[in-house]
Amino acid sequence: METLLRDIRFSLRDLLARPGFTAVVLLTLAITIGANTAMFSIVHATLLRPLPFASPERLMALHLVLPKSLQEQAGREEMVWSYPKFETFRAAQHSFADLALYQATEMTLTGRELPERLAGEAVGASYFRMLGITPVVGRGFVPEEDSQPGTRTVVVLGHSLWTRQFAADPRVVGTLASLDGKPYTVMGVAPPGFKGLTGSAEYWVPVAARSADLLSGAFSHEFDLVGRLAPGVTLRRAASEVAELGRVVDEAHPAPEGMGGGWGASARPLAEERIDPAIRRAALVLFVAVALVLLIACANLANLQLARAEARRGEVAVRLAIGASRGRLVRQLLTESLVLAIGGGVAGVLLAWLCVRALAVIDPAATITSFGRPLEGLSSLVLSSIRIDGTALVFTLLVTVATAVLFGLVPAVRASRVAVSDALRGQEDAESNRRIRPLAGRGVLVSTEIALTLVLLIAAGLTIKSLATLLGTNVGFDAQHVLTVRVSLPEGAYTPESSDPFFNELLARVRAIPGVTLAALGNCPPVSGGCNESTITFLDRPPVPEGQGPSVGVHFITPGYLDSLRVPLLRGRDLTPADRKGAPKVVLINETAARQLWPGEDPIGKRVGVPQGGFQDGAEVVGIVGDMRFTSVEE
């Protein structure tokens, strides 16, 4: 230890005597190690960090499996649960100690200064207990509060909502909170940071608080399902039982005509739900990229060390002449590299922390997204959840030591291989020069550095080209000077008839705001995902089995929607105020639908049926509009 401390003191004196060289090395290491630390923190938060629940490896996500005939139409294999199917499954299963439904909901909190629209979850009674979440105030739900649909109006508040709207008052338990115009009794407050399995919840209500009509339909698929394995049950055994019970559920709730037969069920670890392919690919690609930058830096620093070793031949020769061993010299020189690496590592951690902190301060609730498409639930990565924790520090320590070896070992060995007598005389013969040249490896380092740099440059060029292509993609609308507002009426407070005057008045008031030139309503904003999809039938063609027609996206809009987004009308006419309830039904189609569904024909005037919103009996195609991107920019 005494020798090590002496080596460190000597290294510090030597480095301080060369401030220019030291500053360049420290800056290079700080940037590259900091970038690797920051990217590792993202990879850790995205792929490696255990879920923040009790024994997360025992939690499984359960899904219904669509019949083969419906998978292609839906574009997926899995489906969420209906309440009756869940009850059938729960009564028959033996692998899970706890099961809980959950569903994303939205309600408006009133009775405060201003109404606030909140994202929340409707959950089963065992939800909090199963996840190991203990409220900081009050309690969670009990089975009696999730037994009779449409009867229990109790709520657990999120910590941020409690702090923001209720002044963090612990006496809030037992008081009433008005949600969508109904009084809900506050039962507890969730711990800080818990946002539910949907990733954005600020309140929780029992599933039984939903309307009885919603919970009675066997094919009203609304709920996700999560379960905790019973003691002694393996993942494989549980998955096998779930697959078997899928057939039991299908037999108990036979599908109506057109929805296919042979529904099933599947289960997989809950942790797999969060590994969204888009996030995983992006995180791993960037992680590899910054690792290559670190390797390039190591090659560069090794060359600097080799050049410095040439200038230190006389010093090394003197130390060898007075009795120092070559191993002792290599250790001393490696210690110097380690001191540099540790200094760069400390600065890198500080730089990474500042970057991560800046992201969280700019917008703590912002999430990393696929291009133009927000990710939801466990797949979402909130910027404030990225942090430099103990695991990141251990990673940085390992990277620091490895970096010291990578850029310090070859120069240290090279510096110790000098001909003492020749170096002391200030010259080296040709034989000694030939002997040390292979050890120098400077050509190999330079070639490696150039090769890695070219790989990065090519990859960066392709990435920039892809980004430019995406940015230059015609999304079909003009988003400049367009604002979107989501409006959801309280459940049960409005009928379809009474909602019409509300939306008419809303549009009139928005259009009257100074500076507003156009306003319209639509049920699916572009580049947002989650739009309706259905089959289409052709009333002038031979009928096909129900559910077997082509699949199309379905959007409901008011007149002025296309003008608001500057979507071109290619042929025919736009919707008008006369196209309303009671008038003959009409539809617009986009350019792709016209080309694919009516090849070589004029679709204007054709009659189609869409089994949504009363359009199944037929509607006339009156116009063709330009294509818009509704899911994401690249799709």
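Residues numbered from 1 in each chain as written. Predicted model: local features only at pLDDT ≥ 70, side-chain atom pairs only at ≥ 80, totals over all residues. Heavy atoms only, no water.

This next bit is on the overall build of the chain. Along the chain, the regular secondary structure elements total 18 helices and 20 strands. Counting across all 635 residues of the chain, residues that qualify as buried make up 43%. Here the contacts in the chain between residues at least 6 apart in sequence split such that 76% fall between residues at least 24 apart. Counting every atom, the chain has about 32600 Å² of accessible surface; 61% of that belongs to carbon and sulfur. (Helix = DSSP H or I, 4+ residues; strand = E, 2+ residues; numbered from the N terminus. Buried < 20%, exposed > 50% of the residue type's maximum accessible area, 1.4 Å probe, protein only. Contact = heavy atoms within 4.5 Å. Areas by Shrake-Rupley, 256 points an atom, 1.4 Å probe, with all protein chains shown as cover.)

Centre-to-centre distance and the angle between the planes together describe a pair of aromatic rings. Under the criterion given, the structure shown has 17 aromatic pairs. Ring geometry for Phe502 and Phe503: centres 5.3 Å apart, planes at 85°, overall edge-to-face. Owing to a relative accessible area of 23%, Phe503 belongs among the partly exposed residues under this scheme. An aromatic cluster of at least three residues, connected via ring pairs, comprises Phe53, Tyr102, Tyr127, Phe128, Phe141, Phe194 and Trp204. Lying over the aromatic face of Phe219, Lys85 brings its terminal NZ or CZ to 3.9 Å of the ring centre. If you follow Lys85 out to its NZ or CZ, it ends over the ring of Trp263, 4.1 Å from the centre. (Phe/Tyr/Trp six-rings, centres within 6.5 Å; stacked < 30°, edge-to-face > 60°. Lys NZ or Arg CZ within 6 Å of the ring centre and 35° of its normal.)

This part is about helix H4 (residues 83-92). Looking only at H4, the buried set comprises Tyr83, Pro84, Lys85, Phe86 and Phe89. Residues of H4 that are buried make contact with strand S1 (59-65), strand S3 (96-110), helix H7 (212-216), strand S10 (224-229) and helix H8 (235-252).

Bringing the state of the cysteines into the picture now. Scanning the model with the defined rule gives one disulfide in all. A sulfur-sulfur separation of 1.7 Å characterises the disulfide bridge that pairs Cys524 with Cys531. (Disulfide = S-S within 2.5 Å.)

On the surface, a cluster of nonpolar side chains totalling about 570 Å² of accessible area is made up of Leu338, Ile342, Val346, Leu397, Val401, Val405 and Leu409. When residues of the nonpolar patch are traced back to their parent elements, those giving at least two are helix H11 (326-362) and helix H12 (390-416). Of the residues forming the nonpolar patch, the biggest block, four residues, is contributed by H12. By secondary structure assignment, the location of Val405 is in helix H12. Judged by relative accessible area, Val405 falls into the partly exposed class, the value being 41%. (Patch = residues over 30% accessible without salt bridge, like charges linked within 9 Å, V, L, I, M, F, W, Y side chains within 5 Å. Salt bridge = Lys/Arg side-chain N within 4 Å of Asp/Glu carboxyl O.)

Now for the packing of H4 against H8. Remark: H4 packs on H8, axes separated minimally by 10 Å, with the N-to-C direction vectors making an angle of 130°. As summarised for this structure, H4 and H8 are arranged oblique, according to the angle between their axes. The interaxial crossing formed by H4 with H8 has right-handed handedness. Between H4, through Lys85, Thr88, Phe89 and Ala92, and H8, the contact on the second element is made entirely by Val242, Leu245, Val249 and Ala252. In terms of residue class, the contact of H4 with H8 is built from six nonpolar, one polar and one charged. (Axes fitted to C-alpha atoms, helices over the stretch in contact; angles between N-to-C directions. Parallel < 35°, antiparallel > 145°, perpendicular 65-115°, else oblique. Left-handed = near helix turned anticlockwise from the far one by under 90°. Nonpolar A, V, L, I, M, F, W, Y, C, P; charged D, E, K, R; others polar.)

Turning to its location among the elements, Ser498 is positioned in helix H16 (residues 496-511). The exposure class assigned to Ser498 is partly exposed, which follows from its relative accessible area of 31%. A polar contact of 2.8 Å, which involves the side chain of Ser498, links it to the backbone nitrogen of Thr495. (Polar contact = N/O pair within 3.5 Å; in protein donor to acceptor, adjacent residues only side chain to side chain.)

With respect to the helices and strands, Ser337 occurs in helix H11. Apart from residues lying up to four places away in sequence, Ser337 is in contact with Gln305, Ala404, Phe407 and Gly408.

Following the sequence through the fold, Ala23 ends up in helix H2 (residues 19-48). With 317 residues separating them in the primary sequence, Ala23 and Leu340 have C-alpha atoms 9.6 Å apart.

Quick look at the pattern of salt bridges now. Under the criterion given, the structure shown has 16 salt bridges. Glu145 serves as the salt-bridge partner of Arg139, at 2.8 Å between the closest nitrogen and oxygen. Owing to a relative accessible area of 33%, Arg139 belongs among the partly exposed residues under this scheme. Overall, the relative accessible area of 4% leaves Glu145 in the buried class.

Take the confidence of the model for the chain next. Confidence along the chain averages 84 in pLDDT terms, with 86% of residues attaining 70 or more. Across the chain, the secondary-structure element scoring lowest on mean pLDDT is helix H14 (residues 430-440), at 45, and the one scoring highest is strand S18 (residues 586-590), at 96. With pLDDT under 50 throughout, residues 370-374 is counted as low confidence; its partners more than four residues away or in other chains account for 17 contacts. In the predicted structure, residues 427-440 sits below a pLDDT of 50 and forms 19 contacts with residues beyond four places in sequence or in another chain. (pLDDT = per-residue confidence, 0-100.)

Among the structural elements, Ala412 can be located in helix H12. Given a relative accessible area of 1%, Ala412 falls into the buried group. As a C-alpha pair, Ala412 and Arg326 span 86 residues in sequence and 9.6 Å in three-dimensional space. Discounting chain neighbours no more than four positions away, the residues touching Ala412 are Val330, Leu333 and Leu334.

Locating Asn36 in the fold gives a position in helix H2. The exposure class of Asn36 is buried, given its relative accessible area of 3%. Excluding its chain neighbours within four sequence positions, the residues that come into contact with Asn36 are Phe287, Val290, Ala291, Leu294 and Phe395.

Even without being a glycine, Ser55 presents a positive backbone phi close to 40°. Positionally, Ser55 belongs in the loop between H2 and S1. In this structure, Asp180 is a non-glycine residue whose phi angle is positive, near 55°. Along the polypeptide, Asp180 turns up in the loop between strand S7 (176-179) and strand S8 (182-189). By relative accessible area, which is 9% here, Asp180 ends up buried.

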